[in-house]
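Structure at a glance
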Amino acid sequence: MGRNHNTRVVIIPCSGIGKSYGTVSREAAFDIVEELRPETTRLVALSKLVLGDESACSVVRNNPTITIDGCKLACATKMVEESGGRVVKDYAVLDVYRRYKQFKPQGISELNDGGQKLAQALAKEIAIVVDQLTERNRGDSDG
Amino acid sequence: MVDLPKMKVGIVACSGEEIVEGTITRLAALSVLEQLRRNETVTICLPLFLAGGEGDRAFARFFPTIAVDGCELRCAARATEKFSNKPAISLTVTDLLEEYQIGKPQGSRSLNAAGKQAVELLAQRIAHSVDELLVQKWSRGEGKLIDPAMIDEIKEISPEPVTASCACGSGIPVQNVIIAGKQVSLAGLPLIFQQFCDAGKFPDDANLKELVEVIKIYNPIPVDEEQAYKEGIRVAYAKYWFKEKNQ
């Protein structure tokens, strides 16, 4: 994997719209990419990987990837692996919720307050992993 | 004929997280699923075509689907066709924006006024498409709309209500059968077996012929493989029969 200062951590959330956990995964991804770590992360749409879009596959093959799955089927993680990418950390929203039982997510198109807080808590955890990865990449690149 | 779930329309939204049009597809689909046509529609998660079970792929063989895409890549429509069946209707946000001359939508999480307008228009378009599809006849065997001229020749299946919002719970059971050494998934098979068994149809040659004909309504069986399918189905049904009768 070519690592340099331009390497961005790819964040791939579940794209499901049938359950609250899918929405939490997406909100957490937006939190990371738009607010917490906009300079060092980027999104790739899962639908492009499903279709085998070459540019999307190339991005996950050449950058460390963090997946956020909404259910046990783990579509995001499986898709990255099938596309030849390397998942450095995979999150399952249900497992995250078990750590933050006080934030019960409800709603799909509009998450309740608990869901928003769960997404923010997850995003903060992911930000730490992103920092570790980008520091490591910088170290590799600087020799 | 077996009693399969009430006909619903599947909605496959691209949900592309990278672009604002993806958010528009997602919110419009949700508007239809949760409010506009909540009893007539289910959502199918696009990645489940690959990562999920056969039930998700089977859905579009049994029911019509509407693919809702954000951009000209048309991931939802193409993936649905690739892994399941050609969508009955394909809608694209970029086409809609051009058609209605809406301003530029912005904000992947919090849409601007143009984005919200696009969601509303797209949701109405999807709901209208659902209505169109529900008054037409869908061939569950061929996975396409039936020519109205042929409708008199086809008996429709009696519907039973089923509650489901996503196709993981679409209610279409699928069973794997070994056909000529290969594992093949046959949609609706558990229900068909159950119905034959309940009717006391012993797994003999006469009943097997009828069984295969019913299975063919819901699953394509290549002509040159029909004998192999017949043998695989015979073995599977005999197992089912004796298991049920010995309980």
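That block above? That's the structure.
The present account deals with the structure reproduced in this document. (Residues numbered from 1 in each chain as written. Chains lettered and ligands numbered in written order. Predicted model: local features only at pLDDT ≥ 70, side-chain atom pairs only at ≥ 80, totals over all residues. Heavy atoms only, no water.)

Regarding the overall build of chain A
Quick reminder of the rule: Only runs of H or I of at least four residues qualify as helices and only runs of E of at least two qualify as strands under DSSP, and these elements are numbered from the N terminus. Restricting the calculation to C-alpha atoms gives the radius of gyration, and the globule rule supplies 2.2 Å times the number of residues raised to the power 0.38. Only heavy atoms matter for contacts: two residues are in contact if any of them lie within 4.5 Å across the pair. We count Lys and Arg on the positive side and Asp and Glu on the negative side, and we leave His and both chain ends out. In this description, the location of a charge corresponds to atom NZ of lysine, CZ of arginine, CG of aspartate or CD of glutamate.
Regarding its fold elements, chain A presents 6 helices and 4 strands. Moving toward the C terminus, one meets the helices and strands of chain A in the order β-α-β-α-α-β-α-β-α-α. In terms of overall size, chain A behaves like a compact globule, its C-alpha atoms giving a radius of gyration of 15 Å where 143 residues would be expected to give roughly 15 Å. The C-alpha extent of chain A, read off along each of the three principal axes, is 45 × 30 × 20 Å. At a minimum sequence separation of 6, the contacts of chain A that also span at least 24 residues come to 66%. Looking at chain A, you have 20 positive and 19 negative side-chain charges, and the mean spots of the two groups are 5 Å apart.

Overview of the sheet that holds strand β4 (residues 87-92) of chain A
All names here are of chain A. Defined as follows: Only strands that DSSP links by at least two bridges are regarded as paired with each other. Angles run from 0 to 180 degrees between N-to-C directions of axes, and those axes are lines fitted to C-alpha atoms, restricted for helices to the stretch in contact.
Here we have 4 strands laid out as an open sheet, ordered β2-β1-β3-β4, and parallel in their pairing. Two strands close off the open sheet at either side, each with one partner strand: β2 (41-43) and β4. Taken over all neighbouring pairs, the strand axes of this sheet differ in orientation by 20 degrees on average, direction set aside. Both strand β1 (residues 9-13) and strand β3 (residues 65-69) contribute to a ladder of 4 bridges, which runs parallel. The partner of Val10 across the bridge, within β3, is Thr65.

Description of the interface of chain A and chain B
Note the cut-off: By buried area we mean how much accessible surface two parts lose on assembly, using a 1.4 Å probe and totalling the loss over both. One speaks of a salt bridge when a side-chain nitrogen belonging to Lys or Arg is within 4 Å of a carboxyl oxygen belonging to Asp or Glu.
At the junction of the two partners, chain A supplies 30 residues and chain B supplies 30 residues. For the pair chain A and chain B, the summed buried area comes to about 2,700 Å², and 64% of that belongs to carbon and sulfur atoms. Together, Ile17(A), Val50(A) and Leu51(A) form the three largest contributors to the area buried by chain A at its contact with chain B, with a combined 27%. There are 5 salt bridges connecting chain A and chain B. Arg42(A) is the salt-bridge partner of Glu18(B), the closest N and O atoms lying 3.6 Å from each other.

Re helix α9 (residues 226-245) of chain B
The cut-off we apply is this: Multiply 1.5 Å by the residue count of a helix minus one, and that product is the helix's expected span. Accessibility here uses a 1.4 Å probe with only protein chains present; expressed as a share of the type maximum, an area under 20% marks a residue as buried, one over 50% as exposed, and anything in between as partly exposed.
With 20 residues, α9(B) extends 28 Å from end C-alpha to end C-alpha; this agrees with the ideal 28 Å at 1.5 Å per step. For α9(B), every residue scored as buried is listed here: Tyr229(B), Gly232(B), Ile233(B), Ala236(B), Tyr237(B), Ala238(B) and Trp241(B).

Focus on the packing of aromatic side chains
All names here are of chain B. Under the convention used in this document: Pairing of aromatic rings covers Phe, Tyr and the six-membered ring of Trp, with a centre-to-centre limit of 6.5 Å; geometry is then stacked below 30 degrees between planes, edge-to-face above 60, and tilted otherwise. Counting as a charge over the ring demands two things of the Lys NZ or Arg CZ atom: a distance within 6 Å of the ring centre and an angle within 35 degrees of the ring normal.
Under the defined criterion, the tally for this structure stands at 8 aromatic pairs over all chains. An angle of 45 degrees between the planes, with centres 5.6 Å apart, marks the rings of Phe193 and Tyr240 as tilted. You can see Phe193 sitting in helix α7 (residues 189-198) and its partner Tyr240 sitting in helix α9, a full 47 residues away along the chain. Each member of the aromatic cluster is reached from another via a ring pair, and the members are Phe193, Phe196, Phe202, Tyr237, Tyr240, Trp241 and Phe242. Seen from the ring of Phe196, Lys201 lies directly overhead, with NZ or CZ sitting 4.7 Å from the centre. Residue placement shows Lys245 over the ring face of Trp241; its charged tip is 4.7 Å from the ring centre.

Observations regarding the nonpolar core
This is how it is decided: For our purposes a nonpolar core is just a set of buried Ala, Val, Leu, Ile, Met, Phe, Trp, Tyr and Cys residues, chained together by side-chain atoms within 4.5 Å.
In this structure, Ile12(A), Val44(A), Leu46(A), Leu49(A) and Leu46(B) are the most contacted members of the largest nonpolar core, which totals 34 residues. Those elements that provide at least two residues to this core are β1, α2 (46-51), α3 (54-62) and α4 (75-82) of chain A together with α2 (48-51), α3 (54-62) and α4 (75-83) of chain B. Top element by residues in this core is α4(B). It accounts for 5 residues. In this structure, Val44(A) is in contact with Val10(A), Ile11(A), Ile12(A), Leu49(A), Ala56(A), Val59(A), Glu17(B) and Glu18(B), ignoring residues within four places of it in sequence. Judged by nonpolar contacts, the second largest core, of 29 residues, contains Ile11(B), Ala13(B), Ile24(B) and Ile102(B).

Remember, this is a structural readout, not a statement about activity or role.
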